[in-house]
Amino acid sequence: MLIKGIGLLCLLLGVITVMNPKVWWEFIENRRNYRGEEPTAKWMRLTKISGWVYVIVGLALIL
C-alpha cells in the first residue's frame, strides 16, 4: 500500500512538472535569482524530462 502511495505521489509530481515547469522555477529558482530573469530553454527542457521520469517511475510503482 505504501509503494502505491509513493507511486501516486510520483505520478502527480511528474504530471505537474510536465504540464507547467515554470511553477518549479518560481518555487525553487526564482528565490535565488535577484534580477527576475525567465528560466532558460535548457532548464525548461531538463525539467520536462525529469517530469517524464517521475511519471514513468510513478506508473512502475503503481503497476
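A few points on the structure. (Residues numbered from 1 in each chain as written. Predicted model: local features only at pLDDT ≥ 70, side-chain atom pairs only at ≥ 80, totals over all residues. Heavy atoms only, no water.)

## Some details on the side chain of T17
Moving on, step 1. Mapped onto the secondary structure, T17 falls in helix α1 (residues 2–19).
Moving on, step 2. On the basis of relative accessible area, T17 is assigned to the buried category, the value being 4%.
Moving on, step 3. Within the structure, the side chain of T17 is placed 2.7 Å from the backbone oxygen of L13, a separation counted as a polar contact.
Moving on, step 4. Residues in contact with T17, not counting those within four places in the same chain, are W24, T47, S50 and G51. (Helix = DSSP H or I, 4+ residues; strand = E, 2+ residues; numbered from the N terminus. Buried < 20%, exposed > 50% of the residue type's maximum accessible area, 1.4 Å probe, protein only. Polar contact = N/O pair within 3.5 Å; in protein donor to acceptor, adjacent residues only side chain to side chain. Contact = heavy atoms within 4.5 Å.)

## Points about a nonpolar patch on the surface
Moving on, step 1. Among the surface-exposed residues, L46, I49, V53 and V57 lie close enough to one another that they form a single nonpolar patch of about 330 Å² accessible area.
Moving on, step 2. Along the chain, V53 falls in helix α3 (residues 41–62).
Moving on, step 3. Accessibility expressed as a relative area gives 47% for V53, which makes it partly exposed. (Patch = residues over 30% accessible without salt bridge, like charges linked within 9 Å, V, L, I, M, F, W, Y side chains within 5 Å. Areas by Shrake-Rupley, 256 points an atom, 1.4 Å probe, with all protein chains shown as cover. Salt bridge = Lys/Arg side-chain N within 4 Å of Asp/Glu carboxyl O.)

## Looking at the environment of M44
Moving on, step 1. Following the sequence through the fold, M44 ends up in helix α3.
Moving on, step 2. It is 7.6 Å that separates the C-alpha atoms of M44 and K22, two residues lying 22 residues apart in sequence.
Moving on, step 3. In this view, M44 contacts P21, K22 and P39; residues no more than four positions away in its chain are not counted.

## A closer look at the environment of W24
Moving on, step 1. Along the chain, the position of W24 falls in helix α2 (residues 21–29).
Moving on, step 2. With relative accessibility at 22%, the residue W24 sits in the partly exposed group.
Moving on, step 3. Measuring from C-alpha to C-alpha, the distance between W24 and W52 comes to 14 Å, with 28 residues separating the pair along the chain.
Moving on, step 4. Among residues more than four places away in sequence, those in contact with W24 are L13, I16, T17, E29, W43 and T47.

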